[in-house]
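# Descriptive structure summary
Each chain is listed here by its residues.
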Amino acid sequence: MTAAGAPEAAPSPVVELDDARFARRGLRLFLKRDDLVHPEIPGNKWRKLRHNIGPAREHGTLLTFGGAYSNHLRATAAAGDVFGFATIGVVRGEEHLPLNESLAYAESRGMRLAYMDRTTYRRKHEPDVVAALRERWGGFYLLPEGGSNALAVRGCAELGAESAGFDVVCCPCGTGGTLAGLAAGLPPGARALGFSVLKGGFMDAEVERLQSETYGERRGEWSVEHGFHFGGYARTSPELDAFIGDFAGRHGLVLDRVYTAKMMAGIVALAERGAFPAGTRVLAVITG
Ligand SMILES: *Cc1c(COP(=O)(O)O)cnc(C)c1O
């Protein structure tokens, strides 16, 4: 533990891939295996939770929000179990029994689950909704949906600082917290490239908002690709499934279809389109 109460994080490994689609254009492709950064709390969820653990322990209880298949709820439940604070997960929509695998896991790690109708859920961060939650659950430390707050951005900036020596550093974007921190933490000369897994053009504004909340200004060189959501959040397509199978065959790594597969399909497409000049060293962050 550091003085601030945040547990230590060792750097995650970087590996170079031998991939003809990059080699023939004079590009080099590396993976940052952030999925291996913590044994129980994978990838960017660990980066985002790390600095929130101290305040959560001080309050004793952390309350957060997520969809029924949320990686964030799973990771937060595990963190509460490992680091000794209670967790409440407010789930979008109605309860469905038996619990799906994600929520069953969260509950098995001690998370108390509560359900919120979709209309209220859309307003979940507004003062009257939060006040009602405080009335029901008592004092808690509130972590926004997806775990993206200023402390999360600072944790992801450490990922940027660890990613020195590359020209373009890529990550998938859900709430934009990972890109906000990654871009802020990169050394000068490198740029961050996010791949939105959601339809709609709001990601840039979210990343900018999170950077302002954290630093009071926009930081680093970054942009968002909007052409690789494959139909929207958690949507897939035969093309994306084929890409995942092909990538596993080439490199022995099964990409997650919600996030990292969309990023990687985007990186390959951009490389094939000639979007990166020869000599570019591309680092793809495997966020989970
Ligand atoms: C949650 C998640 C993301 C999205 O990160 P944001 O900070 O919300 O943009 C990306 N990749 C994986 C594997 C995730 O679980």
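Higher on the page you've got the structure.
The structure presented is a predicted model; accordingly, all values stated were derived computationally and were not measured.

What counts as what
- Residues numbered from 1 in each chain as written.
- Predicted model: local features only at pLDDT ≥ 70, side-chain atom pairs only at ≥ 80, totals over all residues.
- Heavy atoms only, no water.
- Helix = DSSP H or I, 4+ residues; strand = E, 2+ residues; numbered from the N terminus.
- Rg over C-alpha atoms; globule rule 2.2 N^0.38 Å.
- Buried < 20%, exposed > 50% of the residue type's maximum accessible area, 1.4 Å probe, protein only.
- Contact = heavy atoms within 4.5 Å.
- Areas by Shrake-Rupley, 256 points an atom, 1.4 Å probe, with all protein chains shown as cover.
- Lys, Arg positive; Asp, Glu negative; His and termini not counted.
- Charge placed at Lys NZ, Arg CZ, Asp CG, Glu CD.
- Pairing = 2+ DSSP bridges.
- Axes fitted to C-alpha atoms, helices over the stretch in contact; angles between N-to-C directions.
- Near = heavy atom within 4 Å.
- Polar contact = N/O pair within 3.5 Å; in protein donor to acceptor, adjacent residues only side chain to side chain.
- Core = buried A, V, L, I, M, F, W, Y, C linked by side-chain atoms within 4.5 Å.

## Some details on the overall build of the protein chain
On a plain count of helices and strands, the protein chain comes out with 12 helices and 10 strands. Over its C-alpha atoms the protein chain spans a radius of gyration of 19 Å, differing by no more than 12% from the 19 Å that the globule rule assigns to 288 residues. By its C-alpha atoms, the protein chain is 60 × 45 × 35 Å across when sized along the principal axes. The proportion of buried residues among the 288 residues of the protein chain is 53%. Long-range pairs, those at least 24 residues apart, make up 69% of the contacts in the protein chain with a sequence separation of at least 6. Total accessible area on the protein chain is roughly 12400 Å²; 51% of this is exposed by carbon and sulfur atoms. In the protein chain, which carries 33 positive and 33 negative side-chain charges, the distance between the mean positions of the two groups comes to 2 Å.

## Describing the sheet that holds strand 8 (residues 191-196)
Taking strand neighbours across the sheet as the criterion, the 6 strands line up as 1-2-10-7-8-9 in an open arrangement whose pairing is mixed. Two strands in the sheet have a free side with no partner beyond their single neighbour: strand 1 (14-17) and strand 9 (222-225). With direction set aside, neighbouring strand axes in the sheet form an average angle of 25°. In terms of strand pairing, strand 1 meets strand 2 (residues 28-32) through 4 bridges, oriented antiparallel. What sits directly across from Val15, in strand 2, is Leu31. In the packing of helix 10 (residues 203-215) onto the sheet, contacts are made with strand 7 (168-173), strand 8 and strand 9, and the angle to strand 9 comes to roughly 150°.

## Digging into the site of the ligand
The environment of the ligand is made up of 15 residues, and the closest members are Lys45, Lys48, Thr175, Thr178 and Thr287. With respect to the ligand, the side chain of Lys45 contributes an N or O atom lying 2.8 Å from an oxygen atom. With respect to the ligand, the backbone of Gly177 contributes an N or O atom lying 3.4 Å from an oxygen atom. Look at the ligand: alone it shows 390 Å² of surface, and the protein chains cover 96% of it. Elements that contribute at least two residues to the shell around the ligand include exactly helix 2 (43-50), strand 7 and helix 9 (177-185).

## Section: the side chain of Arg50
Inspection of the secondary structure assignment puts Arg50 in helix 2. Within the local environment of Arg50, its side chain forms a polar contact with the side chain of Glu158, the two groups lying 3.0 Å apart.

## Comments concerning the nonpolar core
Counting residues in hydrophobic clusters, the biggest one holds 29 residues, and the most contacted among them are Cys170, Phe195, Leu255, Met263, Met264, Ile267 and Phe276. Of all the elements in the fold, those that place two or more residues in this core are strand 2, strand 7, strand 8, helix 11 (238-251), helix 12 (260-272) and strand 10 (281-285). Looking at which element gives the most residues to this core, the answer is helix 12, with 8 residues. Excluding residues within four positions of it along the chain, Met264 makes contact with Leu31, Phe243, Phe247, Leu255, Ala284 and Ile286.

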